Amino acid sequence: MPKINCVGVITSGGDSPGMNAAIRAVTRAAIYSGLSVKAVYHGYRGLIEGEIKLFHTENVSNIIQRGGTIIKTARCPEFRTPEGRRKAYENMVKEQIDALVVIGGDGSLRGARAFAEDYNVPIVGIPGTIDNDLCGTDSTIGYSTALNTITDAVDKLRDTASSHERLFFVEVMGREAGFLALNGAIASGAEAAIIPEYVFEKDQLAEYIENGFRKTKNSSIVLVAESEVTGGAMGVAERVKKEYPSFNVRVTILGHIQRGGTPSAEDRILASRMGVAAVAALIDGQRNVMIGIDNDTIVQVPFSQAIKKNKPIDTGLVDALHMLSI
């Protein structure tokens, strides 16, 4: 296997708090190990268009506390094509980049896997997504901060919900995974969470209404994952208005506020550990793996396993929320 002298670092797809901490860790761990680092701006699009810059340790000074990503990110449909990946590889060769660290979610790692298969490029992924939907890792970078944001928002909403005796449906992110909705509901003391994993198993809304979760309370808050499967908060609210007209219903969609903000200490530590581990994995000759965390231990997860899209919800958490909502 050719020796790695230069590592490229990319943030791709949706941004998440803690990405900058990961960029910092990759850059400094690589330089500490005697490698050079080149940052690719605007994700895979930047690799195709040659938006690449040599990074030194000072380039990542004073960024660990910043949300977003200093090297920007973007969606790139062109990278899904063989022609797009060919342009990206040609720029890698031109810039003498020997390996890549890709920080992103499911789509980003799928792109990394295809690129590695096309050109045998050594790539290590770091899970950066607030949805926490990648398999093989207990947590992803940004998930902790997003949960804190949701909890803070729901705390504020409860003040007005109580004052007016209203039923609030709060939509949170999680198009295909209910981790934010479920754990956000537990953390904020919400009465229920409607998540895509359980939509086909039971009528979640009818169950919550029929159990009378509002009988002993002057307000109720239900978190709803934004998934098309759940119908989102607007869809659920419309149904309540038709089937249960006595309820005073309001909807709040948190939207992209969940992606922003100063990363939590947990996300900063996780990103730093994963960034260091990603560089160590490349030096050790690993490729096509994602760095994960399992019981507070760093692990390497094959891309094929990480992107399976079937990370299970802990049913114990569902039961706990049900008990705590009485």
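On a predicted model such as this, the values are computed, not experimentally measured, just so you know.

## What about the overall build of the protein?
When helices and strands are counted, the protein shows 11 helices and 11 strands. The C-alpha radius of gyration of the protein comes to 21 Å, within 12% of the 20 Å expected for a compact globule of 326 residues. Along the first, second and third principal axes, the C-alpha set of the protein runs to 70 × 35 × 35 Å. Residues counted as buried form 55% of the 326 residues belonging to the protein. As displayed, the protein has an accessible area near 14200 Å², and 49% of this comes from carbon and sulfur atoms. Across the protein, the mean location of the 35 positive side-chain charges is 4 Å away from that of the 38 negative side-chain charges.

## Some thoughts on the environment of A25
The residue A25 is located in helix α1 (residues 19–32) in this model. Here the alpha-carbon distance between A25 and S272, two residues 247 residues apart in the chain, equals 5.1 Å. The contacts of A25, once residues within four sequence positions are left out, are A271, S272, G275 and V276.

## Some points on helix α9 (residues 265–283)
Look at α9: 28 Å from first C-alpha to last across 19 residues, which is about the 27 Å you get at 1.5 Å a residue. By the burial criterion, the buried members of α9 are D267, L270, A271, S272, M274, G275, A277, A278, V279, A281 and L282.

## A closer look at the domain arrangement of the protein
By a frequent convention, interface size equals the accessible area lost on bringing the separate parts together. Here the protein is described as being made up of domain 1 (6–142 + 263–307) and domain 2 (145–259). Its C-alpha centre places domain 1 at a distance of 33 Å from the equivalent point of domain 2. In this assembly, 13 residues from domain 1 lie in contact with 10 residues from domain 2. Between domain 1 and domain 2, the buried area comes to about 910 Å², and carbon and sulfur atoms account for 51% of it. Looking at the side of domain 1 facing domain 2, the largest losses of area belong to D15, I130 and D131, adding up to 50% of the total buried there. At the boundary of domain 1 and domain 2, one finds 0 salt bridges. In this assembly, domain 1 and domain 2 are joined by 5 residue pairs in polar contact (both at pLDDT 80 or more). A class-by-class count of the residues in the side of domain 1 that touches domain 2 yields 3 nonpolar, 5 polar and 5 charged.

## Let's talk about the pattern of salt bridges
Throughout the structure, instances matching the rule amount to 12 salt bridges. K38 serves as the salt-bridge partner of E95, at 3.0 Å between the closest nitrogen and oxygen. Within this pair, whereas E95 is found in the loop between α3 (82–94) and β4 (99–104), its partner K38 is found in strand β2 (residues 36–40), the two being separated by 57 residues in sequence. By relative accessible area, K38 is classed as buried at 15%. Across the pair E191 and R158 runs a salt bridge, and its minimum N-O distance is 3.8 Å. With E191 in the loop between α6 (179–188) and β7 (192–194) and R158 in helix α5 (residues 143–164), this residue pair connects regions lying 33 residues apart in the sequence. With relative accessibility at 5%, the residue E191 sits in the buried group.

## Let's talk about unusual backbone geometry
Positioned with a positive phi, H42 is a non-glycine residue whose angle comes to about 60°. Here H42 lies in the loop between β2 and α2 (43–49). H42 gets classed as partly exposed once you look at its relative accessible area, which sits at 22%. We note that K72 has phi near 65°; this positive angle belongs to a residue other than glycine. Judged by relative accessible area, which is 44%, K72 ranks as partly exposed.

## Thoughts on the sheet that holds β7
Pairing in this open sheet of 4 strands is parallel, and the strands run β7-β8-β6-β9 from one edge to the other. Each edge of the sheet is formed by a strand with only one pairing partner; in this case those strands are β7 and β9 (249–253). Between one strand axis and the next, the sheet turns by 25° as a mean value, whatever way the strands run. Across 6 bridges, strand β6 (residues 167–172) lies against strand β8 (residues 220–225) in parallel orientation. Its bridge partner being in β8, E171 is matched across the sheet by V224.

## Description of the sheet that holds strand β5 (residues 123–127)
Pairing in this open sheet of 7 strands is mixed, and the strands run β3-β2-β1-β4-β5-β10-β11 from one edge to the other. Edge positions in the sheet fall to β3 (52–55) and β11 (297–302), since each has one partner strand and no second. Each neighbouring strand pair of the sheet contributes to a mean axis angle of 30°, computed without reference to strand direction. With 4 bridges connecting them, β2 and β3 associate as antiparallel partners.

Reading guide: rules and limits
Residues numbered from 1 in each chain as written. Predicted model: local features only at pLDDT ≥ 70, side-chain atom pairs only at ≥ 80, totals over all residues. Heavy atoms only, no water. Helix = DSSP H or I, 4+ residues; strand = E, 2+ residues; numbered from the N terminus. Rg over C-alpha atoms; globule rule 2.2 N^0.38 Å. Buried < 20%, exposed > 50% of the residue type's maximum accessible area, 1.4 Å probe, protein only. Areas by Shrake-Rupley, 256 points an atom, 1.4 Å probe, with all protein chains shown as cover. Lys, Arg positive; Asp, Glu negative; His and termini not counted. Charge placed at Lys NZ, Arg CZ, Asp CG, Glu CD. Contact = heavy atoms within 4.5 Å. Expected span 1.5 Å × (residues − 1). Domains from an automatic or database assignment. Buried area = accessible area lost by both parts, 1.4 Å probe. Salt bridge = Lys/Arg side-chain N within 4 Å of Asp/Glu carboxyl O. Polar contact = N/O pair within 3.5 Å; in protein donor to acceptor, adjacent residues only side chain to side chain. Nonpolar A, V, L, I, M, F, W, Y, C, P; charged D, E, K, R; others polar. Pairing = 2+ DSSP bridges. Axes fitted to C-alpha atoms, helices over the stretch in contact; angles between N-to-C directions.

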